[in-house]
Amino acid sequence: MNRLQNPYLAALMLRVALGLIYLSHGALKLFVFTPAGTAEYFASLGLPGFVGYFAILIEIGGGLLLLAGIQARWVALLLVPQLLGAIILVHGAKGWMFTNEGGGWEYPAFLIASSLALFLLGQPERQRQA
């Protein structure tokens, strides 16, 4: 490993970035859309309304756990199904680009890839100093 390779810093940066993104998405549902509004939206998708409350809890809780570094690999993996649901139920039919009307599936797909990268990266092992 040379001076420009730092898997510890890379994992930290990825974990913090994902934690902030998940936290902000949950906060958006909580403070802007409101829990009742989020539940109503989920019901409009054909899901039970209470799933919206779980979405808020999953995103805020997952974001906080990632920021705290608590079981970050597994938390990142457990957040993937929520994003897959977002693609299948909401963004998939709107095309690739997230700038499309209603938001395409580009952004959730990137979050899935980033979450899987964090899971696969795990906790880098320290190399022994010779």
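On a predicted model such as this, the values are computed, not experimentally measured, just so you know.

Scoring rules and cut-offs
Residues numbered from 1 in each chain as written. Predicted model: local features only at pLDDT ≥ 70, side-chain atom pairs only at ≥ 80, totals over all residues. Heavy atoms only, no water. Helix = DSSP H or I, 4+ residues; strand = E, 2+ residues; numbered from the N terminus. Polar contact = N/O pair within 3.5 Å; in protein donor to acceptor, adjacent residues only side chain to side chain. Contact = heavy atoms within 4.5 Å. UniProt positions renumbered as here; feature names shortened; annotations may be inferred. Expected span 1.5 Å × (residues − 1). Buried < 20%, exposed > 50% of the residue type's maximum accessible area, 1.4 Å probe, protein only. Core = buried A, V, L, I, M, F, W, Y, C linked by side-chain atoms within 4.5 Å. Phe/Tyr/Trp six-rings, centres within 6.5 Å; stacked < 30°, edge-to-face > 60°. Lys NZ or Arg CZ within 6 Å of the ring centre and 35° of its normal.

1. What about the side chain of R15?
Item 1. Within the fold, R15 resides in helix α1 (residues 7-32).
Item 2. A distance of 2.6 Å separates a polar side-chain atom of R15 from the backbone oxygen of L66.
Item 3. A distance of 3.0 Å separates a polar side-chain atom of R15 from the backbone oxygen of L67.
Item 4. In contact with R15, not counting residues within four places along its chain, are L66, L67, A68, G69, A72 and L118.

2. A word on the UniProt feature "transmembrane region" (unreviewed entry) in the protein chain
Item 1. With numbering matched to this structure, UniProt assigns "transmembrane region" (unreviewed entry) to residues 12-33, 45-67, 74-93 and 105-122.
Item 2. The span residues 45-67 shows a helical share of 78% and a strand share of 0%, and its end C-alpha atoms are spaced 30 Å apart.
Item 3. Secondary structure over residues 74-93 splits into 90% helix and 0% strand, and the C-alpha atoms at its two ends are 29 Å apart.

3. What about helix α5 (residues 106-121)?
Helical geometry note: an α-helix holds 3.6 residues per turn, so side chains three or four residues apart project in the same direction.
Item 1. The end-to-end C-alpha distance of α5 is 22 Å, a good match for the 22 Å that 16 residues give at a rise of 1.5 Å each.
Item 2. Every buried residue belonging to α5 is among P108, A109, L111, I112, S114, S115, L118 and F119, and all of these are buried.
Item 3. Tucked inside the fold, the buried residues of α5 contact α1, α3 (50-68) and α4 (72-91).
Item 4. Trailing α5 by a residue or two, G122 shows a phi angle of about 60 degrees, which is positive.

4. A word on the environment of S24
Item 1. By secondary structure assignment, the location of S24 is in helix α1.
Item 2. Overall, the relative accessible area of 41% leaves S24 in the partly exposed class.
Item 3. A C-alpha to C-alpha distance of 21 Å links S24 and I88, two positions 64 residues apart in sequence.
Item 4. Within the structure, the side chain of S24 is placed 2.9 Å from the backbone oxygen of I21, a separation counted as a polar contact.

5. A short note on the nonpolar core
Item 1. Formed by 14 residues in total, the largest nonpolar core has its most connected members in L18, Y22 and L66.
Item 2. For this core, the elements supplying multiple residues, two or more each, are α1, α4 and α5.
Item 3. Per-element tally for this core: the top contributor is α4, with seven residues.
Item 4. Not counting residues within four places of it along the chain, the set of residues in contact with Y22 comprises E59, I60, G63, L66, L79, L83, L111 and S115.

6. What to know about the packing of aromatic side chains
Item 1. Inspection of the entire model under this criterion finds five aromatic pairs.
Item 2. Centroid distance W74 to F119: 4.9 Å. Interplanar angle 70 degrees. Geometry classified as edge-to-face. You can see W74 sitting in helix α4 and its partner F119 sitting in helix α5, a full 45 residues away along the chain.
Item 3. Classification of W74 as partly exposed rests on a relative accessible area of 43%.
Item 4. Seen in terms of ring centroids, F98 and Y107 are 5.2 Å apart; in terms of plane orientation they differ by 50 degrees. Their pairing is tilted.
Item 5. Note on F98: relative accessible area 34%, which makes it partly exposed.
Item 6. What makes Y107 partly exposed here is its relative accessible area of 27%.
Item 7. Its guanidinium or amino end placed over the ring of W74, R73 lies 5.5 Å from that ring's centre, counting from NZ or CZ.
Item 8. Lying across the ring of F119, R73 places its NZ or CZ 4.5 Å from the centre.

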